[in-house]
Amino acid sequence: MKISPLAPAIGGRIEGCDLTQTLEATQIRQIQKAFLEHAVLLFPGQTLAHQDQLNAARIFGESGTLHRPREFQPKAYESLPDGIMMISNIREDGVPIGSLPDGEMMFHHDMIHREIPDKATLLYAVEIPSVGGDTWFASGYAAYDTLSDKWKRRLEGLSARHVYHYGSTQKGDEKGTPAFGEAAHPIVRTNHETGRKCLYVNRLMTVGVVGLEATESDEILNFLFDHCEQDAFVYKHQWTIGDLIVWDNRCSMHARTDFPGGERRLLFRTTVKDTQAPA
Ligand SMILES: [Fe+2]
């Protein structure tokens, strides 16, 4: 097994690891260590059954609870085991078979609108469009580390509110749908497994700083959104069929680029629970 960096600030590539096989304890420890170090791990060239993907998730912790989009296409889910969700724009009888079907998606942390957001997400690429639909990952550690001391002091003790409207991929596209969930978390959190501080706000779901007037809250958040999305902190992943990527939602955020609506895109998603609320 060989581990190499994908980009200066975030991401590691793992070669020589077949996730359909039972891994040795030393390999599992190496992967866990690399996960904490790189925040995003790419395992290229996999051929995974659903159970293999669920087993891969177990390397990182306990399987998360998925909220399946029953109203989308219940038939499509009949063949899927619990714990596997589809991200897809493929339509059957005009209805998407999976979640978050179309277009660009702003930077976000999965499940930040929950009291205890998921620790990790795993995405496995089965069908990808000829162009676009890339996933960008940004390091929350790099974003925090590069803040000025003045900004670090200003953010001390501040929390932000995060809201998710079902199916939203852009801020403001909720169109009156009720919030799917809402939570407040520290703007600077510490990843309890690494002890490192990271910036924990995102453009898609963060709506305000707790206790501040809108003007000051907007000023702070707009600065932070631009700061944490800088190219220097980002790894831009172009998917290849057979890629499995696992990312740490505590210290990284991700975004999706646009892709042609007429082309099929299908990825399977599994999640891993965290053991404590952000602090
Ligand atoms: Fe996501």
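Refer to the structure presented above.
Residues numbered from 1 in each chain as written. Predicted model: local features only at pLDDT ≥ 70, side-chain atom pairs only at ≥ 80, totals over all residues. Heavy atoms only, no water.

Enquirer: Can you walk me through the pattern of salt bridges in this structure?
Expert: Working definition: two side chains of opposite charge can pair if their charged atoms are close together. Using the criterion set out here, one finds 17 salt bridges in the structure. R250 is the salt-bridge partner of D274, the closest N and O atoms lying 3.3 Å from each other. Here D274, found in the segment after β18 (266–272), pairs with R250, found in the loop between β16 (244–248) and β17 (252–256); they are 24 residues apart in sequence, far enough to count as distant. On the basis of relative accessible area, R250 is assigned to the buried category, the value being 1%. Each of K119, R189, E193, D248, R250 and D274 takes part in a single network of salt bridges with overlapping partners. (Salt bridge = Lys/Arg side-chain N within 4 Å of Asp/Glu carboxyl O. Helix = DSSP H or I, 4+ residues; strand = E, 2+ residues; numbered from the N terminus. Buried < 20%, exposed > 50% of the residue type's maximum accessible area, 1.4 Å probe, protein only.)

Enquirer: Explanation requested: the packing of aromatic side chains in the structure shown.
Expert: Given two aromatic rings, one states the distance between the centres and the angle between the planes to describe the pair. Across all of its chains, the model carries three aromatic pairs by this definition. When the centroid spacing of 5.3 Å and the interplanar angle of 50 degrees are considered together, the rings of F137 and W247 count as tilted. Of this pair, F137 sits in strand β9 (residues 135–139) while W247 sits in strand β16; the two residues are 110 residues apart in sequence, bridging distant segments of the chain. Classification of W247 as buried rests on a relative accessible area of 2%. For the ring pair W151 and F223, a centre distance of 4.2 Å and an interplane angle of 5 degrees mean the geometry is stacked. (Phe/Tyr/Trp six-rings, centres within 6.5 Å; stacked < 30°, edge-to-face > 60°.)

Enquirer: Mind showing me how you'd approach the coordination of the iron ion here?
Expert: Six octahedrally arranged donors around a metal ideally form angles of 90 or 180 degrees; four tetrahedrally arranged donors ideally form angles of 109.5 degrees. Taken together, the protein donors to the iron ion comprise H108 (NE2), D110 (OD) and H254 (NE2), at separations of 2.1 to 2.2 Å. In the primary sequence, the donor residues of the iron ion line up as H-x1-D-x143-H. There is no split in this pair, since H108 and D110 are both buried. (Donors = N, O, S within 2.8 Å, 3.2 Å for Na, K, Ca; no water.)

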